[in-house]
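Residues per chain are reported as follows:
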There are 2 protein chains.
Amino acid sequence: MKIFVDAMGGDFAPQAPVEGAIEALRRYPQIEIVLAGVIPEIEKYLVNCDDVRHRIALLDAPEIITNDESPVMGVRRKTNSATVKGMLALRDKQVDGFVSAGSTGAVLAGGMFRLGRISGIERPALAPLMPNGRGYFLLIDCGANVDCLPEYLVQFGVMGDAYMRGVVGMENPRVGLVNIGAESEKGNALVKNTYPLMEKAPYNFVGNVEARDITGDVADVMVTDGFCGNLILKFMEGVAGTLFGIIKQEIKADPVSAIGGMIAKPAFRRVKKLMDYTEVGGAPLLGVQGAVVKAHGSSNAHAFSCAIGQVVKMIDGHVVEIIEKGVASIAPQQSE
Amino acid sequence: MKIFVDAMGGDFAPQAPVEGAIEALRRYPQIEIVLAGVIPEIEKYLVNCDDVRHRIALLDAPEIITNDESPVMGVRRKTNSATVKGMLALRDKQVDGFVSAGSTGAVLAGGMFRLGRISGIERPALAPLMPNGRGYFLLIDCGANVDCLPEYLVQFGVMGDAYMRGVVGMENPRVGLVNIGAESEKGNALVKNTYPLMEKAPYNFVGNVEARDITGDVADVMVTDGFCGNLILKFMEGVAGTLFGIIKQEIKADPVSAIGGMIAKPAFRRVKKLMDYTEVGGAPLLGVQGAVVKAHGSSNAHAFSCAIGQVVKMIDGHVVEIIEKGVASIAPQQSE
């Protein structure tokens with residue numbers, strides 16, 4: 001199994017991707033890794049890794065598609081970027097999976113226009129696993145498609161279902177539609193038109209999920225458009241950060257509470273670990289013809305190795321094939 | 001100053017509205033209150049209030065528009081409901097403000113079709129103040145309009161600006177547009193089309209606000225459509241509840257942390273108070289021709305008295321008049 005890693009993407013590149021790759025090679029003996037980027041830069045961090053060095057191939061890909069440029073133009077012009085080279089290698093089955101912490105737009109555009117969509121899938125979607133304190137739920141889409149049609153959302157359900165089966169090993173994932181009320185007639189035009197289509201979809205549709213229940217373990221896959229999904233993703237980060245900040249501030253505000261806070265530190269450490277999303281890797285790009293993971297821009301080496309592990313699980317779990325079958329089974333319904 | 005209170009609305013009616021009214025009468029010596037509902041039911045809770053009893057008028061309004069019926073039909077048919085009677089009394093200047101913890105839909109429909117919109121305002125909006133731990137921000141709209149046009153959002157900015165000036169006493173409120181990125185070209189079609197209109201609007205537009213910064217004190221008024229606003233409102237509740245639940249669970253999970261948690265209790269109590277939205281009352285319905293507050297369905301007596309106080313501040317702060325002037329000043333721009 002060969003994984004293509006964009007060594008130049010992310011805030012801590014190339015150190016974090018290279019060290020993450022080394023960690024992953026030690027964790028997963030069945031994999032080989034292609035590190036793509038500026039080779040002399042990569043080589044600086046290929047130290048103390050004689051045990052796995054023979055499973056690393058280096059690929060020259062000196063161009064970088066930045067966050068500041070048009071992703072579509074970037075993918076078209078920068079043919080010597082890791083994103084473009086990786087997506088083409090994946091398309092041509094030279095590698096089995098792809099990981100990048102670079103520009104999200106470039107990964108999307110590369111996935112759409114170089115790797116290609118699964119037949120029948122209209123829009124690929126980004127779908128991170130998010131912590132709810134007891135486990136994880138999949139949020140799909142979290143930003144790839146800001147303006148959606150009902151058909152896209154129905155297909156997001158297929159993709160989310162496939163991921164939870166193939167990667168998480170869930171038998172009958174509950175698929176919910178994020179909405180502002182539990183009743184089927186609630187919502188904006190998009191979700192109102194999506195609801196009846198989801199009722200006929202080939203997965204375990206459990207109805208609307210109100211925002212207050214998103215972290216409440218009522219569904220395993222939360223389907224929403226990319227605008228709302230991105231709001232949810234980032235607002236969760238914001239609220240959690242704000243709350244932890246306030247708790248810290250108030251604990252420090254009086255000396256007695258400060259002592260209590262110090263004593264209760266193990267509990268806070270556990271809470272932080274429970275809410276830590278780096279353990280699950282990055283956001284898979286579902287709906288494209290290969291295992292693709294977009295790692296968080298701020299990924300450190302460990303987060304990178306988790307993202308590589310996630311790609312391994314996607315390949316082993318046959319996520320692409322499950323999506324292919326799922327979308328084929330809704331296609332006839334939609335043309336009714 | 002006379003405030004109309006729906007005594008039958010909310011989970012704890014009529015006790016909570018009646019006791020809340022009594023508390024408010026003691027707090028605000030300048031007000032009188034009309035309690036509308038089933039009179040014998042109201043009278044049960046009019047005890048130990050001889051000091052303010054002479055400032056309470058009772059109005060027979062035995063019909064109730066429930067959450068389960070169509071609000072528009074309810075407002076049309078149930079002419080003997082507190083909502084309809086109150087909105088008409090407000091329209092006819094028999095009272096100066098209106099508070100209800102009953103059906104949100106009924107308050108909206110009553111506001112639209114019985115009280116009436118401010119000239120130039122296309123859609124009234126619900127706009128609660130939300131805590132960010134240091135202070136409050138206004139979220140507008142939080143559910144009145146699930147499908148919006150850019151013009152509505154521009155007007156929400158006018159309304160939010162007016163509220164922060166009139167009620168909170170802010171001089172130059174920062175108005176932000178909730179979006180998935182900070183750059184002006186980011187977002188879905190709605191916000192992309194709204195951005196340039198807001199740049200020309202007669203308020204202090206500070207640009208896009210990413211969801212992770214909503215609780216980060218970067219703007220005082222957060223403008224969004226009612227679908228996203230409702231997601232934000234309820235997701236904040238959900239995430240906060242989930243986080244507090246996990247913290248509690250982990251603090252109890254080992255005996256040392258449990259002791260620390262006990263010692264730090266004063267800090268946690270302060271955090272809870274900082275994040276408590278009942279202190280600010282309910283959500284004003286802005287854009288209608290009068291001071292209207294929708295109190296939370298689960299309001300207790302104290303929350304009710306706060307909602308009444310909020311109406312008092314809206315009247316004193318001339319919120320309706322400020323909105324009238326604001327919307328008049330954008331009208332010519334829009335017809336350019």
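None of the values given here were measured: they were computed from a predicted structure. (Residues numbered from 1 in each chain as written. Chains lettered and ligands numbered in written order. Predicted model: local features only at pLDDT ≥ 70, side-chain atom pairs only at ≥ 80, totals over all residues. Heavy atoms only, no water.)

Peer 1: Can you help me understand the nonpolar core in this one?
Peer 2: Soluble, globular proteins show a tendency: their nonpolar side chains are buried together. The biggest cluster of nonpolar side chains holds 225 residues, and the ones touching the most others in it are Ile33(A), Leu35(A), Leu286(A), Ile33(B), Leu35(B) and Leu286(B). The contacts of Leu286(A), once residues within four sequence positions are left out, are Pro124(A), Ala125(A), Ala127(A), Leu138(A), Ile140(A), Met159(A), Gly160(A), Tyr163(A), Met314(A), Val319(A) and Ile323(A). (Core = buried A, V, L, I, M, F, W, Y, C linked by side-chain atoms within 4.5 Å. Buried < 20%, exposed > 50% of the residue type's maximum accessible area, 1.4 Å probe, protein only. Contact = heavy atoms within 4.5 Å.)

Peer 1: Explanation requested: the environment of Pro62(B) in the structure shown.
Peer 2: Residues and elements named next belong to chain B. Residue position: Pro62 is located in the loop between β3 (56-60) and α3 (71-77). Along the chain, Pro62 and Gln310 lie 248 residues apart, while their C-alpha atoms are 26 Å from each other. Those residues in contact with Pro62 that lie beyond four places of it in its chain are Gly37, Val38 and Asn80. (Helix = DSSP H or I, 4+ residues; strand = E, 2+ residues; numbered from the N terminus.)

Peer 1: Quick question: what am I supposed to make of the pattern of salt bridges here?
Peer 2: Side-chain pairs of opposite charge can arise where the charged atoms are in close proximity. Within this structure, the stated rule accounts for 28 salt bridges over all chains. Glu210(A) is paired through a salt bridge with Arg212(A); the nearest N and O atoms lie 3.6 Å apart. Residue classification places Glu210(A) among the buried residues on the basis of a relative accessible area of 15%. Connected through shared salt-bridge partners, Glu210(A), Arg212(A), Lys234(B) and Glu237(B) make up one network. (Salt bridge = Lys/Arg side-chain N within 4 Å of Asp/Glu carboxyl O.)

Peer 1: Can you walk me through the confidence of the model for chain A in this structure?
Peer 2: Detailed reading of the predicted coordinates is not advisable wherever pLDDT falls low. In this model, chain A carries an average pLDDT of 93, and 97% of its residues clear a pLDDT of 70 or more. Interface scoring of the predicted complex returns ipTM 0.90; its pTM is 0.92. (pLDDT = per-residue confidence, 0-100.)

Peer 1: Sorry, what's going on with the sheet that holds strand β9 (residues 204-210) of chain A here?
Peer 2: Sheets are built from strands paired through backbone hydrogen bonds, the pairs being either parallel or antiparallel. Residue and element names in this part refer to chain A. Pairing is mixed in the open sheet, where five strands are placed in the order β6-β7-β10-β8-β9. For this open sheet the edge positions go to β6 (129-131) and β9, each flanked by a neighbour on one side alone. If you compare each strand with its neighbour and ignore which way they point, the axes differ by 35° on average. Judged from the three bridges that link them, β6 and strand β7 (residues 136-140) form a sheet pairing that is antiparallel. (Pairing = 2+ DSSP bridges. Axes fitted to C-alpha atoms, helices over the stretch in contact; angles between N-to-C directions.)

Peer 1: Where do I start with the interface of chain A and chain B in this structure?
Peer 2: When the parts of a complex come together, some accessible area is lost, and that lost area is often used as the size of the interface. Every contact between the two is made by 51 residues of chain A and, on the other side, 51 residues of chain B. When the two sides are added together, the surface that chain A and chain B hide from each other amounts to roughly 4,700 Å², 74% of it contributed by carbon and sulfur. Contact with chain B buries area across many residues of chain A, yet Ile180(A), Phe227(A) and Phe235(A) alone supply 16% of it, more than any other trio. Linking chain A to chain B there are eight salt bridges. Notably, a salt bridge pairs Lys234(A) with Glu210(B), separated by 2.8 Å at the nearest N-O pair. Counting across the interface, chain A meets chain B through 18 residue pairs in polar contact (both at pLDDT 80 or more). Elements represented by at least two residues in the side of chain A that touches chain B include exactly β8 (174-179), α7 (189-199), α8 (226-253), α9 (255-263) and α10 (265-274) of chain A. Take the side of chain A that touches chain B: its biggest share by element is 21 residues, from α8(A). By residue class, the composition of the side of chain A that touches chain B is 30 nonpolar, 13 polar and eight charged. (Buried area = accessible area lost by both parts, 1.4 Å probe. Polar contact = N/O pair within 3.5 Å; in protein donor to acceptor, adjacent residues only side chain to side chain. Nonpolar A, V, L, I, M, F, W, Y, C, P; charged D, E, K, R; others polar.)

Peer 1: Would you mind going over helix α4 (residues 82-91) of chain B with me for this structure?
Peer 2: Each α-helix winds once per 3.6 residues, and so residues spaced three or four apart point in a common direction. Residue and element names in this part refer to chain B. In terms of burial, α4 is a largely internal element, seven of the ten residues being buried. By the burial criterion, the buried members of α4 are Ala82, Thr83, Val84, Gly86, Met87, Ala89 and Leu90. Downstream of α4 by one or two residues, Lys93 has phi in the positive range, about 60°.

Peer 1: Even after reading the chapter, I still don't get the packing of aromatic side chains, so can you show me in this structure?
Peer 2: Centre-to-centre distance and the angle between the planes together describe a pair of aromatic rings. All names here are of chain A. Throughout the structure, instances matching the rule amount to six aromatic pairs over all chains. Judged by centre distance (5.2 Å) and plane angle (75°), the rings of Tyr195 and Phe205 are edge-to-face. Taken as a pair, Tyr195 in helix α7 and Phe205 in strand β9 lie far apart in primary sequence, ten residues in all. On the basis of relative accessibility, which here comes to 14%, the residue Tyr195 falls in the buried class. Judged by relative accessible area, which is 16%, Phe205 ranks as buried. (Phe/Tyr/Trp six-rings, centres within 6.5 Å; stacked < 30°, edge-to-face > 60°.)

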